[in-house]
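In case you want the letters, here they are:
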Amino acid sequence: MNFPGNWNTMQLDAQGRLRHFLTVEGLPRRILTDILDTADSFVVVGEQPVKKVPLLRGKTIVNLFFETSTRTRTTFELAAKRLSADVLNINVSTSATAKGESLLDTQKNLEAMHTDMFVVRHQHSGASHFMAQHAAPHVSIVNAGDGQHAHPTQAMLDMLTIRRHKGAFDSLCVAIVGDILHSRVARSQIHALNTLGAGEVRVIAPRTLLPVDIESLGTRVFTSLGQGLAGADVVIMLRLQKERMQSALLPSEHEYFQRYGLTEEKLALARPDALVMHPGPINRGVEIASSVADGPQSVILRQVSYGIAVRMAVMSMAMGRSPGARETAAKEPE
Amino acid sequence: MNRIAIRNGHVVDPSSRVDGVRDLFIASGRIVAVGEAPDGFTPEIEIEAAGRMVCPGLVDLSARLREPGHEQKATIASETRAAVSGGVTTVCCPPDTSPVIDTPAVAELVRHRAKQSGRAWVLTLGALTQGLEGEQLAEMAALKAEGCVGVSNAGRPIRNSEVLRRALEYAATYGLTVYLQTRDPWLGQSGFMHEGSVSTRLGLPGIPETSETVELARCLLLIEQTGVRAHFCRLSTARSVEMVADARARGLRVTADVADHQLHLTEMDVAGFDPMFHVIPPLRTLRDRDALRAGVAEGVITAICSDHQPHEPEAKLAPFNGTLPGISALETLLPLTLRLVDEGAFDLNTALARVTRGPAEILGIETGTLTPGTRADLCVIDSGHAWRLDPGALLSHGRNTPFRGWEFRGRVTHTLVQGRLVYELR
């Protein structure tokens, strides 16, 4: 029978190494730390004049995107290219699936072209699990966002950003603000922060944007931005989509910004050295004031840069080619 | 006509309170005696049932046979064959075929096909509103004249309360029972599973408990106003059981059923994104499951049904919310019900009553009993036979079951419909 937590039998191989990266939930801390350590080493690669390493030479990676994305798709593409892999970008609005081909048929056809990895974004929660269940033995699946379920590489780039700026996680209070209900990013961040031992994970939103029983994922719930920000070391703002006004979740953008928008005044309630983060794309004046987004505490653009390093780390680890992965696995067998 | 003797079986018939080793005698399609043979009875066929259980054929309040309109999923011939292999001798089809059973012609078509190819009795519910669109009344009197045993909107919403009220009144005019599967037209309409901690974790849009109970409350008030006889289909929440119990205690003529999978599975089973667990109403909490079991035990819920919904393989071969809901369940109705006895949820007589006389009373038909004089619809069960479910071995065209690999005890060896042997385990 299936139950939460057994996804690792799908995500990890017999030696406990990453095979697919579908969700942060249930992964051991050792794997998350490996990803961050490996990503640290790739940050340097991006800063060199020649930004390439030959780890995935000869491998073919398919970016299979069923939802539009600019940032995530391009950073995955850059990450694959910096690892010397060949990259195929498939945008579904112009492909066979738009003509009614099933996800499984699309996957099997692309596998028949001897591809090695799928980076998939899909509007349905669980889509990457579905692909992993049906993947050929040599093929790895990396989840680039499935429905409202998970966006594990985004969460890991956020963790890298936090670790590079704050060091250890254990004393940190992290506040996630906004549309938690529809956010796969928030779900993955919550799992990652708890696994890495963050001191406190807070979610801040009106009740209409909070999923039921969100406390059960290990969060403390606030409906007041002011109270929730008090003492926070990291403030993560989420994007608010305009459709939320139509579905009776919020009265107006104006009222939302008044109550939950991050302004300099509100930010002053957090710790003076609090980081401001956002997975992007940002809606200036809706969830965040420009002066904060562009201000000294904002690390929003750093997140984008670190996104490439994290995606390089995940891809190389899932393909068994990470510089440090084997040694680490050998050191700490589980 | 055939004279049949079923010898030495353990006859269990909750409706006539028989529970012991007896011979059973059939002539001209009817049960003529239980115990002593009638004078001069000479059987043409003898079935030895020592060590086996003999009980009324099962009556299933809801089975989609997919015909007409969805023959790529199943046909009346394939599904009635599956039914009798599971001891089910009567099935009732909801009206959401294609075309909808909202005219006598479609009801007649189903009846004709069932007679031609069917092994089990096939009853139909007529539509409550034309096209199940919830706007204009269907020709209920004509549907009744064509043999429809009740009317239903098959879980499709009737948004306009005035239309619902008039539909109930009109059905009451002709003494028709209205079958209501309650789902609010807005609450949780975009959902795929129970709204709770598991949906939060999986990021699957949720269907709150109130999706069922808000509509149930509206229906109860209009039933009270109109005095119609009503049946609530597929209860899924503890609160619904309470509401139906209260209504019955106040004297309302309402009954209720539950799908057998709701008595075994919960929201936790969805946690692996397996589309076989995608059902409507959704699998809910352990507390709901236990309340439903108690509702069955206490007689608030007087029928357990299969809610059979066979699908072609492709319908379940996609991520969870890209799949169609439903389980191919005719062949697991009896095994799942017997398993509840093994698990101590209730005793054997209660279990069998809920799949035989209970649903037959709701439908207002004479079957579901072994009382002498009634139609010989019955089955013989080898209750010690242990087996493991292999979806590939199902006779239904739909192999969509979440019970793959489950171990069951008890297997049908013979099924008789109107005294005719329609299934024998080889």
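Residues numbered from 1 in each chain as written. Chains lettered and ligands numbered in written order. Predicted model: local features only at pLDDT ≥ 70, side-chain atom pairs only at ≥ 80, totals over all residues. Heavy atoms only, no water.

A closer look at the overall build of chain A
Counting its regular elements, chain A contains 14 helices and nine strands. Whereas a compact globule of 334 residues would reach a radius of gyration of roughly 20 Å, chain A reaches 19 Å, a difference of no more than 12%. Over its C-alpha atoms, taken along the principal directions, chain A stretches across nearly 55 × 45 × 45 Å. Per-residue burial for chain A yields a buried fraction of 59% across its 334 residues. When the accessible area of chain A is evaluated, it comes to approximately 13,400 Å², of which 51% is carbon and sulfur surface. Distance from the positive charge centre (35 side chains) to the negative charge centre (32 side chains) of chain A: 4 Å. (Helix = DSSP H or I, 4+ residues; strand = E, 2+ residues; numbered from the N terminus. Rg over C-alpha atoms; globule rule 2.2 N^0.38 Å. Buried < 20%, exposed > 50% of the residue type's maximum accessible area, 1.4 Å probe, protein only. Areas by Shrake-Rupley, 256 points an atom, 1.4 Å probe, with all protein chains shown as cover. Lys, Arg positive; Asp, Glu negative; His and termini not counted. Charge placed at Lys NZ, Arg CZ, Asp CG, Glu CD.)

What about the domain arrangement of chain B?
As a measure of interface size, the accessible area lost when the parts come together is often cited. Residue and element names in this part refer to chain B. Here chain B is described as being made up of domain 1 (3–54 + 375–424) and domain 2 (56–363). One C-alpha centre belongs to domain 1, the other to domain 2, and the line joining them spans 26 Å. Carbon and sulfur atoms make up 65% of the surface buried where domain 1 meets domain 2, a total of about 3,300 Å² over both sides. Applying the counting rule to domain 1 against domain 2 returns one salt bridge. A salt bridge links R409 to D342; its shortest N-O distance comes to 2.7 Å. Run the count over domain 1 and domain 2 and you get 16 residue pairs in polar contact (both at pLDDT 80 or more). Of all the elements in the fold, those that place two or more residues in the side of domain 1 that touches domain 2 are strand 1 (3–13), strand 16 (378–388), strand 17 (407–417) and strand 18 (420–424). A per-element tally of the side of domain 1 that touches domain 2 places strand 17 first, with eight residues. The class makeup of the residues in the side of domain 1 that touches domain 2 is 19 nonpolar, nine polar and eight charged. (Domains from an automatic or database assignment. Buried area = accessible area lost by both parts, 1.4 Å probe. Salt bridge = Lys/Arg side-chain N within 4 Å of Asp/Glu carboxyl O. Polar contact = N/O pair within 3.5 Å; in protein donor to acceptor, adjacent residues only side chain to side chain. Nonpolar A, V, L, I, M, F, W, Y, C, P; charged D, E, K, R; others polar.)

Some remarks on the interface of chain A and chain B
Counting residues at the interface gives 26 residues for chain A, matched by 19 residues for chain B. Summed over both sides, the interface of chain A with chain B buries roughly 2,000 Å², with 62% coming from carbon and sulfur. Remark: the boundary between chain A and chain B carries one salt bridge. Notably, a salt bridge pairs R201(B) with E25(A), separated by 2.4 Å at the nearest N-O pair. Here chain A is connected to chain B by four residue pairs in polar contact (both at pLDDT 80 or more). When contributions to the side of chain A that touches chain B are tallied by element, the ones reaching two or more residues are helix 4 (103–111) and helix 5 (127–134) of chain A. It is helix 5 of chain A that contributes the most residues to the side of chain A that touches chain B, five residues altogether. Class assignment of the residues belonging to the side of chain A that touches chain B gives a composition of twelve nonpolar, eleven polar and three charged. (Contact = heavy atoms within 4.5 Å.)

Regarding the pairing of strand 6 (residues 200–204) of chain A
The side chains of a regular strand alternate, residue by residue, between the two faces of the sheet. Residues and elements named next belong to chain A. Burial of strand 6 is extensive: four of the five residues sit out of reach of the surface. When strand 5 (residues 173–177) meets strand 6, the two strands line up parallel, connected through five bridges. For C173, the partnering residue across the bridge sits in strand 6 and is E200. Once the chain exits strand 5 it traverses helix 7 (residues 184–195) before rejoining the sheet at strand 6, and the crossover so formed is right-handed. Bridge count for strand 6 against strand 7 (residues 220–222) is three bridges, and the pairing is parallel. Of the residues in strand 7, the one forming a bridge with R202 is R220. (Pairing = 2+ DSSP bridges. Right-handed = clockwise from strand over helix to strand, strands pointing away.)

Things to note about the pairing of strand 16 of chain B
Residues and elements named next belong to chain B. Strand direction decides the pairing type here: strand 5 (residues 53–56) and strand 16, joined by four bridges, are antiparallel. Across the sheet, residue C55 finds its bridge partner in strand 16, namely C379. With eight bridges joining them, strand 16 and strand 17 adopt antiparallel strand pairing. When the sheet's bridge partners are listed, I381 is paired in strand 17 with V412.

Remarks on helix 4 of chain A
All names here are of chain A. Within helix 4, the full set of buried residues consists of L103, L104, T106, Q107, L110 and E111. Seen from one end, helix 4 has its buried residues packed into an arc of 160 degrees, which puts them on one side. Check the buried side of helix 4 and you find it contacts strand 1 (60–65), strand 2 (86–91), strand 3 (117–122), helix 5 and strand 4 (140–146). (Arc of directions from axis to C-beta.)

A closer look at the sheet that holds strand 1 of chain A
Residues and elements named next belong to chain A. Across the sheet, which stays open at both edges, the four strands sit in the order 2-1-3-4 with parallel pairing between neighbours. Sheet topology places strand 2 and strand 4 at the edges, where each strand pairs with a single neighbour. The sheet shows a mean angle of 15 degrees between the axes of neighbouring strands, taken without regard to direction. Note that strand 1 and strand 3 share five bridges and pair parallel. Across the sheet, residue I61 finds its bridge partner in strand 3, namely M117. Packed on one face of the sheet, helix 3 (residues 71–82) meets strand 1, strand 2, strand 3 and strand 4 and runs near 180 degrees to strand 1. (Axes fitted to C-alpha atoms, helices over the stretch in contact; angles between N-to-C directions.)

Brief notes about the domain arrangement of chain A
All names here are of chain A. Along its sequence, chain A is carved into domain 1 (8–150 + 305–325) and domain 2 (152–300). Relative placement of domain 1 and domain 2: their C-alpha centres are 26 Å apart. Taken together, the 34 residues of domain 1 in the interface contact 27 residues of domain 2. Of the roughly 2,500 Å² buried at the junction of domain 1 and domain 2 (both faces included), carbon and sulfur atoms supply 62%. For the pair domain 1 and domain 2, the number of links is four salt bridges. Here E67 makes a salt bridge to R184, at a shortest N to O gap of 3.0 Å. Inspection of the domain 1/domain 2 interface yields nine residue pairs in polar contact (both at pLDDT 80 or more).

A short note on the packing of helix 1 (residues 76–85) of chain B against helix 2 (residues 104–117) of chain B
All names here are of chain B. In the contact formed by helix 1 and helix 2, the axes pass within 9 Å of each other and the chain directions differ by 60 degrees. Here helix 2 runs oblique to helix 1, going by the angle between their axes. Here the hand of the crossing between helix 1 and helix 2 comes out right-handed. Here I76, A77 and T80 of helix 1 lie close against helix 2, whose contacting residues are V110, R113, A114 and S117. Partitioned by chemical class, the residues of the contact of helix 1 with helix 2 number four nonpolar, two polar and one charged. (Parallel < 35°, antiparallel > 145°, perpendicular 65-115°, else oblique. Left-handed = near helix turned anticlockwise from the far one by under 90°.)

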